[in-house]
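Tertiary structure, described
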Amino acid sequence: MPALPSPKTIEADLRVCAKGDSSLQTELLTADSAGISRAAEIIKAGGLVAMPTETVYGLAADALNPAAVAKIFKAKGRPQDNPLIVHISEFAEWESLTDSLPQNALLLAKCFWPGSLTVILKKSPRGPGIVSAGLDTVAVRLPAHPVARRLIAAAKTPLAAPSANLSGSPSPTKPEHVINDLSGSIEALIDGGDCAVGVESTVLDLTGEVPTLLRPGGVTAEELRETLGRLEISPAVLDRFSGFPPSPGMKYRHYAPKAALTVIHGSREQYISFLCQNAAPGIFALCYSDTLPFTPCPAVSLGDRGDPRQTASRLFTALRELDRAGAQTIYSEAVEPIGFGLAVANRLLRAAGFRRIIL
Ligand code: AMP
Ligand code: MG
């Protein structure tokens, strides 16, 4: 099996890139008071700072400064019609973003904030249109990560913060992922270590008659249904989107490694014999740790079967590792879309462009 990059190589990359390899030098900040106040200064001056959150690293700018928000789209290469999530540090900050707080939004905030739930609400006309990509709604989240919250409070403004990666590539769950994608195009990165959850927040649309799950994440569909009573799950969560997207992000290629990824549905034995029939140079497996010893080709682990939280925290790193190891084709074991597994299955299928083989 080709050598995967050791942590040492990654650290070396971090140092080289942090020196800056383009016109803008990305400052590497510590996750302490000094780092956070420097980051707040940059945000107030209209700059971009990658910050740790409990889900993935976010690329933050002052949500009320349209020129700063425009820089996010440019740095990420994000399509202009894909709106951003606005992050707040106190409940009261909703007021600058929306004029109508439905009852169920208050209930959800009480149950799941701070945390990895984003709610979509009717937007106040006072908020800048660019954050919402011209829609009349706004996505809001109060994150749990103390560094993110301290930064929002120190900047004294809500922060627009999509994932801090190049658009389309796997989301960043480690500081070196941000450096690899954005060094030289953003002002600073706060190094907060690894993100605990590893997949992005749950996105829940509260603007229609029935609350609708647009993106599964850290807060599960089961938890939401228990709290709200009623919940619809957008069919685009587990299938290729067709028709008009309820969330613009659904129509874009996402989380994808450079290699062609296919998700293989079947028993563990069927998966192993599929690999045996298809093993060839450039073919890699992405599989649970109990399958790993039996793969006939190089393989990267999804962690323990039946532990979707562990799989989530490894998934995006695993996809980046596979690219670095030179994978051309990746065959992944499927993840059961139950509980938190729904979020992991969604990311894996989207990374595969919904390419799957049912054995
Ligand atoms: P990211 O910030 O990269 O994690 O992506 C945020 C996701 O939330 C994308 O899929 C967006 O399309 C979606 N989103 C953000 N704001 C809205 C909104 N107002 N209406 C619908 N979807 C939204
Ligand atoms: Mg993203």
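Now for a quick tour of the structure.

Rules and cut-offs
Residues numbered from 1 in each chain as written. Chains lettered and ligands numbered in written order. Predicted model: local features only at pLDDT ≥ 70, side-chain atom pairs only at ≥ 80, totals over all residues. Heavy atoms only, no water. Near = heavy atom within 4 Å. Polar contact = N/O pair within 3.5 Å; in protein donor to acceptor, adjacent residues only side chain to side chain. Areas by Shrake-Rupley, 256 points an atom, 1.4 Å probe, with all protein chains shown as cover. Pairing = 2+ DSSP bridges. Helix = DSSP H or I, 4+ residues; strand = E, 2+ residues; numbered from the N terminus. Axes fitted to C-alpha atoms, helices over the stretch in contact; angles between N-to-C directions. Contact = heavy atoms within 4.5 Å. Core = buried A, V, L, I, M, F, W, Y, C linked by side-chain atoms within 4.5 Å. Buried < 20%, exposed > 50% of the residue type's maximum accessible area, 1.4 Å probe, protein only.

1. Observations regarding the site of ligand 1
- Close to ligand 1 lie 17 residues; N82, T137, R215, S247 and G249 are nearest.
- Taking T137, its side chain carries an N or O atom lying 3.0 Å from a nitrogen atom of ligand 1.
- The contact in question runs from an oxygen atom of ligand 1 to an N or O atom on the side chain of S163, over 3.4 Å.
- Bound to the protein, ligand 1 loses 95% of the 510 Å² it would expose on its own.

2. Looking at the sheet that holds strand β14 (residues 299-301)
- With parallel pairing, 5 strands are arranged side by side in an open sheet as β14-β13-β15-β12-β16. Where the open sheet ends on each side, the last strands, each with one partner, are β14 and β16 (356-358). Put simply, the sheet's adjacent strands are angled 25 degrees from each other on average, direction ignored.
- Examined bridge by bridge, strand β13 (residues 283-287) and β14 share 3 bridges and lie parallel to one another. Residue pairing in the sheet places C287 in a bridge with S301 of β14.
- Helix-sheet contacts for helix α8 (residues 268-278) involve β12 (260-265), β13, β15 (329-333) and β16, and the interaxial angle to β15 is about 165 degrees.

3. A short note on the nonpolar core
- In terms of nonpolar packing, the biggest core is built from 46 residues, with L59, L108, W113, L117 and L224 touching the most fellow members.
- Of all elements in the fold, only β3 (58-62), α3 (66-76), α4 (103-112), β5 (117-122), β6 (137-141), α6 (175-182) and α7 (221-228) reach the threshold of two or more residues within this core.
- At 5 residues, α3 tops the list of elements feeding residues into this core.
- Residues contacting L117, with those up to four places away along its chain left out, are L108, F112, V140, R141, S201, T202, L204, V219 and L224.
- Among the nonpolar cores identified, the runner-up in size contains 30 residues, and V263, A312, L349 and A351 belong to it.

Distances and angles like these do not, on their own, reveal function.
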